[in-house]
Each structure stands twice: as C-alpha cells, then as structure tokens.
Amino acid sequence: MRRAALLTIGLAASLAPFARPAAAYVRYVSESGKAFKWPQSCVALTAYPNDLTAMMTLTEILSDVNAAAASWSKVSNPCTYMMLNVSSSGDATPHAANDGHNNIIFRTTNWCKLTAGGDCDPTMPYDPAALALTSVSASTSTGTIKDADIEINANRFHWADLVMHAELATAGMSVHDLQNALTHEMGHLIGLDHTCYLQPPPLVDNNGNPTPDCNDATPDIKATTMYPSANPGDIDKRTLAPDDQQAVCEIYPAAMDPMVCAPMMASSLQHGCAYAPGGAVGPGALLSIAGAAGVLAARARRRRRRNTATKP
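Residues numbered from 1 in each chain as written. Predicted model: local features only at pLDDT ≥ 70, side-chain atom pairs only at ≥ 80, totals over all residues. Heavy atoms only, no water.

Some details on the overall build of the chain
Going by this rule: Helix and strand assignments come from DSSP, with helices taken as H or I runs of at least 4 residues and strands as E runs of at least 2, each series counted from the N terminus. Think of it in three bands: residues with accessible area under 20% of the maximum for their type are buried, residues over 50% are exposed, and the middle band is partly exposed, with areas taken using a 1.4 Å probe on protein chains only.
Along its length, the chain carries five helices and nine strands. Along its sequence from the N terminus, the chain presents helices and strands in the succession β-β-α-β-β-β-β-β-β-α-α-α-β-α. In the chain, buried positions account for 50% of the 312 residues.

Some points on the pairing of strand 2 (residues 42-48)
Put simply, the test is: Strands pair, by our definition, only if DSSP identifies at least two bridges between them. Convention used here: a crossover is right-handed provided that the path from the first strand, over the helix, to the second strand proceeds clockwise when the strands point away from the viewer.
Most of strand 2 sits inside the fold, with six of its seven residues counted as buried. The sheet contact formed by strand 2 and strand 3 (residues 83-88) spans six bridges and is parallel. Across the sheet, the residue bridging to cysteine 42 is methionine 83, located in strand 3. Each parallel crossover has a hand, and the one from strand 2 via helix 1 (residues 58-71) to strand 3 is right-handed. When strand 2 meets strand 4 (residues 102-107), the two strands line up parallel, connected through four bridges. In the sheet register, tyrosine 48 faces strand 4, and the bridge partner there is isoleucine 105.

Details of the side chain of glutamine 179
Heads up, the condition is: Counting of polar contacts relies on pairs of N or O atoms within 3.5 Å, with two restrictions inside protein: one atom must be capable of donating a hydrogen and the other of accepting it, and residues adjacent in sequence are counted only when both atoms are side-chain atoms. Two residues form a contact once any of their heavy atoms are found within 4.5 Å.
Inspection of the secondary structure puts glutamine 179 in helix 2 (residues 178-189). A relative accessible area of 10% means that glutamine 179 is categorised as buried. Polar side-chain contacts of glutamine 179 include one of 3.1 Å to the side chain of arginine 238. In this view, glutamine 179 contacts Asp64, Ala67, Ala68 and Arg238; residues no more than four positions away in its chain are not counted.

Quick word on the environment of glycine 117
With respect to the helices and strands, the residue glycine 117 is situated in the loop between strand 4 and strand 5 (130-138). Measuring from C-alpha to C-alpha, the distance between glycine 117 and histidine 95 comes to 9.8 Å, with 22 residues separating the pair along the chain.

Structural notes on the state of the cysteines
As a reminder, the rule being used: Disulfides are defined as pairs of cysteine sulfur atoms found within 2.5 Å of each other.
Scanning the entire structure with this criterion turns up four disulfides. Shown here is the disulfide that connects cysteine 196 with cysteine 214, its sulfur atoms set 2.1 Å apart. Disulfide cysteine 196 to cysteine 214: torsion about the S-S bond roughly 95°, handedness right-handed. Of the two residues, cysteine 196 is situated in the loop between helix 2 and helix 3 (219-222) and cysteine 214 in the loop between helix 2 and helix 3; the sequence distance between them amounts to 18 residues.

Shown next, in the form of structure tokens:
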C-alpha cells in the first residue's frame, strides 16, 4: 500500500503564493499504469462532524469541509466540471472502508485501521505522527476511482479554523488548520499524489519528468497544495496553486463533462479493485513534525549505509 506523507518541516514561510504559469502535477497510477480518475461529474461526500465538536463548533467544521471541497470544484475553477458535494450526518461515525460511501471521518478515540468489530487492526498500523489519511480505491485495469475516505487524526492533534481564530496560530501554539489539511486531502481524493517524493524512487509528473526529492524542491513546488509539508498554523494550502488548478482542469476538463452525477453504488466495487502494495489503493497521509523527522532520519540512515558499504 502506497503511503504519501505531508510533512511539517519548518517550510511554511516558503509556501507563499507565486504568480507564475502552471508547471506540473502527479497522479496516482494503478499497477497497470492507469491514472486514477472519478468517472462522474460530481463526487458525493458525507462528513461526520459530531466527533470533533469538542474542539470546534459544528458551524466551523462544516464551513471548513465545504470550503475545502469548493477549492477543487467548478465553483472555484470554471475550467473543470468536477464538483465535490458535501453533506453532513449526525449518525454514528462509520469506519473507513471500500464500501462505495465516501466519508470524512474525525478520529478522536484512537488512530489505527479499524476492524469490522471496531478494534485496531495490528497488521495495519497508522503512523502516530499522521495528521490525516486519505484512502483511495480504484480499478486496477482502468484507474476508475470507486471509493475514497478521509480520516482526520483528532486523537493526537488539536484542530481549529485558524482564520476565524488567528490567535491560536501564535508562537508556541500547536494547532492545525482544518481547512488547510482537508484541502490537501481532497486533492488525494480526486486522484492526485504529492508533487515531490519523500522516499525513492521518484514519482513521475504529468509531463513524464521525475519529481524532485522534497528536500530539494523548488519554491514553486513548495507552493503547491499537494506539496507534502504543513506546520501548525499553516493556512497556505487552503488555496490552490497554479499546478493544482492545472491538475483538476486537465483531468476533469469542463469541455468533457460526462453529465453524470449519480453516486457510485457499493455493488460496483466488487470488480477490479486491488489492495496489494503498489496496487490501486492510494492512501495519502499528512504527518506532523515528528513524522517528518522519522522519514528524513530513515532516509539518512539508508544513505549512510550506502556510503559506508565496502566492495566485495
């Protein structure tokens, strides 16, 4: 299973908007080389906000969810037909599952892959430093997306609307902006990967070029919503960069609107779905500072081993 991490490594200052032409973006790709894509004009999402109301008001939560969805939709980008439609439910929060229902879930009790019985699955741990995780399931043979779920880690991290409550973003406060994280995660939900790589091999962008190491990424790449870095207080990913806009407009162009908005049915998920590593399940994770440190340290250890290896 691929894991794409959004790291917080002290680069918020470099994420300011850049006025420039769009450059490149990266898509999830199935084992057979098919790029991920929703087949319909709109995607229905259901948010389950009640679990987060101890941190934020219901109005704030739903405002952030809807604003994040609008960032990738035709209401903000007339060049695309894509529309992310969000509804909310007060029902019991479901588990993230490949069931044809696209959910936004706030995890307050624990942070792990849940079994059908609601227990943590020891064979599929979540990184404790992850702020959020998006799992996207698609057909291996076609790349057609069947299901996507966003999980927000409210078990280990504090969330707020940092535009409404700017005082919480002051120095010393470790609070993350909900809309900022959701906008990044919804990029994964429509089939996008990160714009640089955290661990080799490099990803490949829409122009066929290898992506850079995230440590060596240019300011333009760091300015994208799909760049894997976010600090507490970061709100820069709320707004799409030209690369992100190019992605949604080229993958879902207004001139090729299929004019179909019926939600996907669970029965359609019985065929062509893959769960194996490198298959058609693409989870995108948003990591905290500790997560970034772990990834970078692991990479440094690998480099040291390579550099000190002796020839036979």
